[in-house]
Protein chains: 2
Amino acid sequence: MNPSWNWDDNGHTEVHDPRIGGAWWNYLFNDSVYLRVDGYGNGLSFNREPRIQSWGRGQRQLWLRFADGACWCPSGWPIPQPDGAQWRVIHAPCWTRIIGRWREVEVEWQALVPRQGQREVWTVRVRNLGRQTQQLGITSALFQPAAGFMGSQGYWDDQHGMMLRHDFPHHAAWDDYQPLSQCANWLFVAPTLTPDTWAACDRDFLGASPPGAVPEGVRDGLPSRPAALEPSCAALQYQVELPAGDVWEVSFIAGAVVHPDQAPVADLLAEGAIAAEQAALEAAWEEEQQRLLISTPDPDVDRFVNTWWKKELLWEARLWRNGISTPWRNELQDAMGYAIFNPTAAKPFLQAVTAGQGSDGHLKVWNTRAGEKPNHPLVNFRHNDGGIWLIICWCHSIQQAGELSWLDEDLPFADGGSAPLIEHLRLAMEESFADRGQHGLIRMHDGDWTDPLNGPGRQGRGGSGWATMALAYACRLLQPLAAKHRNTALAERCAAVADELNATTNEQLWAGDRFAYGIDDEGKRFGDHHDGRIWLNAQSWGILSGSADEQQAATCTASVKQHLATPCGPLLLHPSYQGWDPQVGRLSLKVPGSTENGSIYCHSAAFWAAAQAAMGDGNAAYDTLRRVLPSNPDNPVEHSGQAPFWQHNAWFGNLSHPSFGRSSGTIGTGTVAWGMLIAVEHILGVQATVDGLVIAPRLPASWPQVQVERVLHGCRYTVDITADLSPGSPPQLSVDGQAVDGACVPYQQAAHCQITVHCAQAGRA
Amino acid sequence: MNPSWNWDDNGHTEVHDPRIGGAWWNYLFNDSVYLRVDGYGNGLSFNREPRIQSWGRGQRQLWLRFADGACWCPSGWPIPQPDGAQWRVIHAPCWTRIIGRWREVEVEWQALVPRQGQREVWTVRVRNLGRQTQQLGITSALFQPAAGFMGSQGYWDDQHGMMLRHDFPHHAAWDDYQPLSQCANWLFVAPTLTPDTWAACDRDFLGASPPGAVPEGVRDGLPSRPAALEPSCAALQYQVELPAGDVWEVSFIAGAVVHPDQAPVADLLAEGAIAAEQAALEAAWEEEQQRLLISTPDPDVDRFVNTWWKKELLWEARLWRNGISTPWRNELQDAMGYAIFNPTAAKPFLQAVTAGQGSDGHLKVWNTRAGEKPNHPLVNFRHNDGGIWLIICWCHSIQQAGELSWLDEDLPFADGGSAPLIEHLRLAMEESFADRGQHGLIRMHDGDWTDPLNGPGRQGRGGSGWATMALAYACRLLQPLAAKHRNTALAERCAAVADELNATTNEQLWAGDRFAYGIDDEGKRFGDHHDGRIWLNAQSWGILSGSADEQQAATCTASVKQHLATPCGPLLLHPSYQGWDPQVGRLSLKVPGSTENGSIYCHSAAFWAAAQAAMGDGNAAYDTLRRVLPSNPDNPVEHSGQAPFWQHNAWFGNLSHPSFGRSSGTIGTGTVAWGMLIAVEHILGVQATVDGLVIAPRLPASWPQVQVERVLHGCRYTVDITADLSPGSPPQLSVDGQAVDGACVPYQQAAHCQITVHCAQAGRA
């Protein structure tokens, strides 16, 4: 067992050392609320309706005062644990539990977000493990935002039986009153037990002590007086006589509402209601989880595919990553990832983005969530990849759903009118294809997937290799669907467009040992001998697009290995820009080794893994993926800082810096969608398609035997795969004990279907 | 001596109890940098050029580690003092010094801002008071902002001999690079001694400990490795062998620059340079301070007039209160206050605002500092008082300067062209006067002095009583200046306008026992029996304007006493609005008792004191002023929370709330300008005018003898006043021993002039 943390028997992360994992966050959420919580009980809460709003300062404290005056915070924050005290934290998909033990008292402090309602629930359980009755003062404090310009008021409300805090949003115009009064301007904290005393502001709870002191309200008691204007906190205090062996329990339901009468608490105040909600929450999650399960020799990959990538995809897709202004390429890929285990649930999120497409086919990339104010300057710029992702993500999702009929569904355009989805996709292709420069590449404009690449095409002439390759890839996904849809013209057009784009790519960008990234407004190519750089995405998508022939693909692979490979996965580009380069623009100002300027960008690493899988090399694809997992053994969490259960965005990529390999710490990455696709469909090779389940494993050499379970069209497929055929052999299938020809199993009517597969060894199909 | 704090012999605030005064802020600044610092050494730093920018997170830590491993922060933050340790803090006009003592070691930690340069200077002095040599680890850490979107890098730079931290501002457009590269994107911390070890980020200094733990870097040493992307801090560590009786000293110069080569440190790195700068800084301040000194039986009033109001006025006027989007009525009044002790220095700030006036006479109230982005929504609205304040503040300042010739100076208009100042003021008067509604009152539009009063006039018809009265007051100030300027037409016009406005006020707003505040768009009056309210400003300005005759003034005074008087001074209005009232608008949403919704708004209390003084009641004016001073004995700082050396904005005014009397905590208030004017000119009655020094004391009954020193036109006037004449007697003056007739002393050629005054007792002229 790792001394600082381990996976427990339930697949939950158990943290023992606050120095390593105290600040690791769990993400708890439903469709209208999102809470992130770390091992100290800290972390922000957000509601989603009527607009995204945080209802706390992300700080919570739980304190016990013993009869002799000794004070203890079982979470170890803000005061470290006293000698002899124990601390551990369990992060599960549906809750986080902090467990402290001192002086024969055990405290459990658990957070969960119920299935419904804008609220978080914190439960405190105090157990007397000793032989003496304990007299305990127990204080819970949730820190709320500081007062806004209009002032705030906090108090215990007897009528509602809860702490209330009101703060009207800052505004200027008289007319703003009506809409703003419909915001969730009231915060509530409803306890299951009426407190003995309370405080409503920092001053009354903390007093004037420094952060390292015991709060005055814990030491001396809470004054039970209303607060005005001060930074608010809802502190509730209980005097508890706890006989030996007894357990005392209280829960707090906190959230934000338009009016206190609407505080969603009644259903959870009944005896046992919170335990019942927790059971229901876990059951609902279990049902989602069971739709796709894998079992491989790598338990880390299993955990991510089965549990944590799914959880991250749910957060990304259903909550739009909690974003206000976001690039819709994210939303599209998130929905595509969601579709891998629940295509029906994912579909509305694809549709929502599609409704932003113009009838000219253009889909703006950076947009702002309806009802919010833009909070990112990129919304004012033109990126070239909206339509490309629209095609890619719909095509993959249609395959996952096995529903060719989705192409017929009528969807609106942003500027009025509507058309079947297939026409949306055709328009996206044509609009993107038409936007080529003299060089034949798709124009760069203000950036492509690489958002901060605002230099090369700013005058409207520069071309993006990546976008050109990605559109070819999109065409290659759309072409077979169009053909099956009996839209021969479109299928032929897709093939022709892809061929032309690939020819252009080869003509303009092939640089002997790599694909260059693009051509700037002055006609100067970059990502080749001109600037001595190599860009990972150009190699990945040169292969995915079909531009690269086998020899070129092998050459690209060798170049990636030579220039970009690190123990933490492939660099996005190398060497990093060391300062302003007017050719590439904003990217060059990012810290060398960070994000787009040469990190190991996990999303991009997943593209590379997809290219490796497309070349048939499951072994290499697996190696790439595992290096960007938080479980990469060459980059332990003790160094990387990354919570082991969430997929992060990037590793710091400056090899000569002591921070090399540090995690960006951010979640919300396209890595999870692509990782899921590559792991399940390209490596394990259990592919959901419009024709049925296609079996094409490319197992790593170290994986002699694996199992995949997928629920598709109401049938649970259990696919047992053994890699025991000689290299190069096609897979041999049997379905429910019957040998079948080929690799495609049509969808079955039964509730369960057993597929047994023998395939080639050593990671190559 | 107050056990928690006291004034020391130098007039500095000395704080002994961190629970009372730990978080009290001092404000240290020069024209290009502003640092606020509390008793823990915390507080934000801002540079002013090229734009307002904070260069820290407002947190600083100083630690000592003893040879036995015991660790101590002498500032008491973030860890409280150990048993037996001492802590005190001295706030002086030019520096703040934190002094800790433990284990026979004394540490002084002092902050100052040099006269020039965007930098703060922290000096650490460690004195071994014991008999043994001490082996000490000494660590200073300045916490810098978290990394922005573009990432940040921090490291020790050997070449420059300083910690450096670079972070390029977030932006989107390629063209943004050039201007943003001219921002102060580099932070530096230059020590006078090269550190033994260092850290550049929180992780390397704090480790993963909670706030209440000793930082890992203090306990275990700093790793001396560069940081990337992490929240930055500049931590410098020294291993010091300190013999008995010895003192060890180091200083840190911190700031923000465009390029590290420009870091303004060289002049302060020489031996003794910082001590010399401190002496020069204090001498410069002393010179400013000496321009106006009073000595009364109330040492609190003396301290504010002589020192702390001046300091606050300097901050307000010279730094524009560190504001980005601000109401220019503030800037005008701040400059007017500055003019009371240094009119020549104040003049450019009045001119800067005047340059924003249109050639139609209109001066928009809410504006944004050049080069900044608006950060307040009120910039989009129309307030009616810009031109009114322009007249009031110029007239008062011209009297202070004794320079009628300022009226001739040519000043530009915002929309081109220019005119003599007197024409600017005439246009302001005419434009304001023309903006009257059917009722004859100045139209309210989106608000007047009372910013959030956006209900009554939102449709363009409602009228503001306050603005009507204030314009009349402005006319009464301009009229004699115009007459002296031999602009008879303007003088007559001023008188006529004032008379007409005052007649209107009486006709429309006199409500028997009070002046109503205004009339809304529907023609409904408010601040009378309709809504059962009384507004302080309507009474104050009803008197100041001359609308009120003696009987009305007495009636208003009685009503204020009956409805608005509290131990903390008069309420702004009563009763407070308890929720949305569409008639008054935004104001009604503010927490009852806060700011414009019924606080004791000190600025408005000062207007009331001015009205009391205008009625000749120095006793009452003094009583009003002292109740809104932080030194109000009926509202001790232990309750109010207000640092005793800065004038705050408001006391919380809800009499039935336990927070009644709490300070808003904010500085930057027009109170200081008006308080200075009232104290020096209306109560002490030593008035600078264009005719000479006018003596018109209205001393409080408890002030038998006072002294005022003013430097005017190069002559220092010492005015000794004894209130020993019978009530109603005119003052009797002698100048340099010669009795003179009348109350006006023409400005003298000598370097010094002694004026002796005998005046009436008991606060009434």
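Rules behind the numbers
Residues numbered from 1 in each chain as written. Chains lettered and ligands numbered in written order. Predicted model: local features only at pLDDT ≥ 70, side-chain atom pairs only at ≥ 80, totals over all residues. Heavy atoms only, no water. Helix = DSSP H or I, 4+ residues; strand = E, 2+ residues; numbered from the N terminus. Rg over C-alpha atoms; globule rule 2.2 N^0.38 Å. Buried < 20%, exposed > 50% of the residue type's maximum accessible area, 1.4 Å probe, protein only. Contact = heavy atoms within 4.5 Å. Areas by Shrake-Rupley, 256 points an atom, 1.4 Å probe, with all protein chains shown as cover. Expected span 1.5 Å × (residues − 1). Domains from an automatic or database assignment. Core = buried A, V, L, I, M, F, W, Y, C linked by side-chain atoms within 4.5 Å. Bend = angle between axes of the 7 residues up to and from the residue. Polar contact = N/O pair within 3.5 Å; in protein donor to acceptor, adjacent residues only side chain to side chain. Least-squares fit on C-alpha atoms with pLDDT ≥ 70 in both. Pairing = 2+ DSSP bridges. Salt bridge = Lys/Arg side-chain N within 4 Å of Asp/Glu carboxyl O. 1 Å grid on protein atoms, 1.4 Å probe; cavity = no way out; pocket = protein on both sides within 12 Å on 5 of 7 lines; lining within 4 Å. Points joined across faces, edges and corners; volume = space filled by probe spheres on them. Nonpolar A, V, L, I, M, F, W, Y, C, P; charged D, E, K, R; others polar. Phe/Tyr/Trp six-rings, centres within 6.5 Å; stacked < 30°, edge-to-face > 60°. Lys NZ or Arg CZ within 6 Å of the ring centre and 35° of its normal.

## As for the overall build of chain A
On a plain count of helices and strands, chain A comes out with 19 helices and 41 strands. Over its C-alpha atoms chain A spans a radius of gyration of 28 Å, differing by no more than 12% from the 27 Å that the globule rule assigns to 765 residues. When its C-alpha atoms are laid out on the principal axes, chain A stretches across 80 × 65 × 55 Å. For chain A, the proportion of its 765 residues judged to be buried stands at 64%. Taking the contacts inside chain A whose residues are at least 6 apart along the sequence as the reference set, 66% of them involve residues at least 24 apart. As displayed, chain A has an accessible area near 25500 Å², and 48% of this comes from carbon and sulfur atoms.

## Observations concerning helix α11 (residues 421-434) of chain B
All names here are of chain B. The first and last C-alpha atoms of α11 sit 20 Å apart over 14 residues, in line with the 20 Å expected at 1.5 Å per residue. In terms of residue burial, α11 counts as a mostly covered element, since 11 of its 14 residues are buried. Every buried residue of α11 is listed here: Leu-421, Ile-422, His-424, Leu-425, Leu-427, Ala-428, Met-429, Glu-430, Glu-431, Ser-432 and Phe-433.

## Concerning the domain arrangement of chain A
According to the domain assignment, chain A consists of domain 1 (5-285) and domain 2 (684-760). Each of domain 1 of chain A and domain 2 of chain A has a C-alpha centre, and the two are 48 Å apart.

## Re the nonpolar core
With 226 residues, the main nonpolar core has Val-126, Trp-389, Ile-392, Trp-541, Trp-674, Val-719 and Ile-755 of chain A as its most contacted residues. Residue-level mapping places this core at the junction of two domains, with at least three residues from each of domain 1 (5-285) and domain 2 (684-760) of chain A. If we skip the residues at most four places from it in the chain, Trp-389 of chain A touches Arg-329, Leu-332, Gln-333, Trp-394, Trp-449, Trp-466, Trp-541, Phe-607 and Trp-674 of chain A. Listed in part, the 225 residues of the second largest apolar core include Leu-501, Trp-541, Val-560 and Cys-759 of chain B.

## Focus on helix α7 (residues 299-318) of chain A
Residue and element names in this part refer to chain A. Under the 1.5 Å per step criterion, the end-to-end length of α7 is 27 Å for 20 residues, consistent within 8% with the ideal 28 Å. Along α7, the sharpest kink reaches roughly 45°, centred on Val-305. Extensive coverage of α7 is indicated by the burial of 16 of its 20 residues. Where α7 starts, the residue carrying a side-chain oxygen 2.8 Å from the main-chain nitrogen of Asp-300 turns out to be Asp-298. A positive backbone phi angle near 50° is found at Trp-320, which sits one or two residues after α7.

## Observations regarding the relation of the copies chain B and chain A
For the match of chain B to chain A, the screw axis carries a shift of 0.0 Å, the RMSD comes to 0.0 Å, and the turn is 180°. The superposition of one copy onto the other is thereby described by a two-fold rotation axis. Measuring from the rotation axis to each C-alpha of chain B, the shortest distance belongs to Gly-212 of chain B, at 1.7 Å. When the interface residues of chain B are mapped onto chain A, 100% of them again lie at the interface, so the same face is used by both copies.

## So, the sheet that holds strand β28 (residues 518-519) of chain B
The 4 strands lie next to each other as β26-β27-β28-β29 (chain B), forming an open sheet whose pairing is antiparallel. The open sheet terminates on both sides in strands that have one partner only, identified here as β26 (442-443) and β29 (525-526) of chain B.

## Digging into the pattern of salt bridges
All names here are of chain A. Counted under the stated rule, the structure contains 77 salt bridges over all chains. The salt bridge involving Lys-484 is made with Asp-691; its shortest N-O contact spans 2.9 Å. Here the residue Lys-484 occupies a position in helix α12 (residues 465-484), and Asp-691 occupies one in the loop between β34 (686-689) and β35 (692-695), the gap between them amounting to 207 residues.

## Comments concerning the environment of Gln-59 of chain B
Residue and element names in this part refer to chain B. Summarising the element assignment, Gln-59 is placed in the loop between β6 (53-54) and β7 (60-65). We classify Gln-59 as partly exposed; its relative accessible area is 31%. Remark: the alpha-carbon pair of Gln-59 and Pro-145, spanning 86 residues in sequence, is separated by 9.9 Å.

## Section: the layout of surface pockets
Residues and elements named next belong to chain A. The space that makes up the second largest pocket amounts to roughly 1200 Å³. Along its surface, the second largest pocket is lined by 45 residues, and Ala-610, Gln-612, Ala-613, Ala-614 and Met-615 are the ones closest to its centre. Where the lining of the second largest pocket is concerned, the elements lending two or more residues are α10 (386-401), α12, α14 (536-544), α15 (550-563), α16 (602-614), α17 (618-628), α19 (671-683) and β34. Top contributing element to the lining of the second largest pocket by residue count: α15, with 6 residues. Looking at side-chain class alone, the lining of the second largest pocket contains 21 nonpolar, 12 polar and 12 charged residues.

## Focus on unusual backbone geometry
Glu-49 of chain A connects to Pro-50 of chain A through a cis peptide bond whose omega is 0°. Note on placement: Pro-50 of chain A falls in the loop between β5 (45-47) and β6 (53-54). Cis rather than trans, the peptide bond between His-574 of chain B and Pro-575 of chain B has omega equal to -10°. For Pro-575 of chain B, the position within the fold is in the loop between β31 (573-574) and β32 (600-601). Phi is positive for Thr-595 of chain A, close to 30°, though the residue is something other than glycine. With respect to the helices and strands, Thr-595 of chain A occurs in the loop between β31 (573-574) and β32 (600-601).

## Describing the packing of aromatic side chains
Scanning the model with the defined rule gives 88 aromatic pairs over all chains in all. Grouped by ring-pair contacts, the aromatic residues Trp-389, Trp-449, Trp-466, Tyr-473, Trp-541, Tyr-601, Phe-607 and Trp-674 of chain A constitute a single cluster. Directly above the aromatic system of Phe-433 of chain B lies the positively charged group of Arg-436 of chain B, at a separation of 3.5 Å from the ring centroid. In this structure, Arg-533 of chain B is placed above the aromatic ring of Tyr-577 of chain B, and the distance from its NZ or CZ to the ring centre is 3.6 Å.

## Considerations on the side chain of Asn-635 of chain B
For Asn-635 of chain B, the position within the fold is in the loop between α17 (618-628) and α18 (637-640). With residues up to four places along the chain from it excluded, the contact list for Asn-635 of chain B reads Cys-568, Pro-630, Ser-640, Trp-651 and Gly-661 of chain B.

## With respect to the pairing of strand β11 (residues 105-112) of chain A
Residues and elements named next belong to chain A. Within β11, 8 of the 8 residues are buried, which leaves it mostly tucked inside the rest of the structure. Neither face of β11 is left uncovered, since the one carrying Val-105, Val-107, Trp-109 and Ala-111 and the one carrying Glu-106, Glu-108, Gln-110 and Leu-112 both have all their residues buried. Pairing analysis gives 8 bridges linking strand β10 (residues 95-102) to β11, with the strands arranged antiparallel. Its bridge partner lying in β11, Trp-102 is registered against Val-105. With antiparallel pairing between neighbouring strands as the criterion, β10 and β11 make up a hairpin whose turn holds 2 residues, including Arg-103 at a positive phi of roughly 50°. Here β11 pairs with strand β12 (residues 119-128) via 8 bridges, running antiparallel. Each residue of the ladder has a partner; that of Ala-111, found in β12, is Trp-122. Hairpin connection, β11 to β12: the antiparallel pair is bridged by 6 residues, and Gly-117 has positive phi, about 95°.

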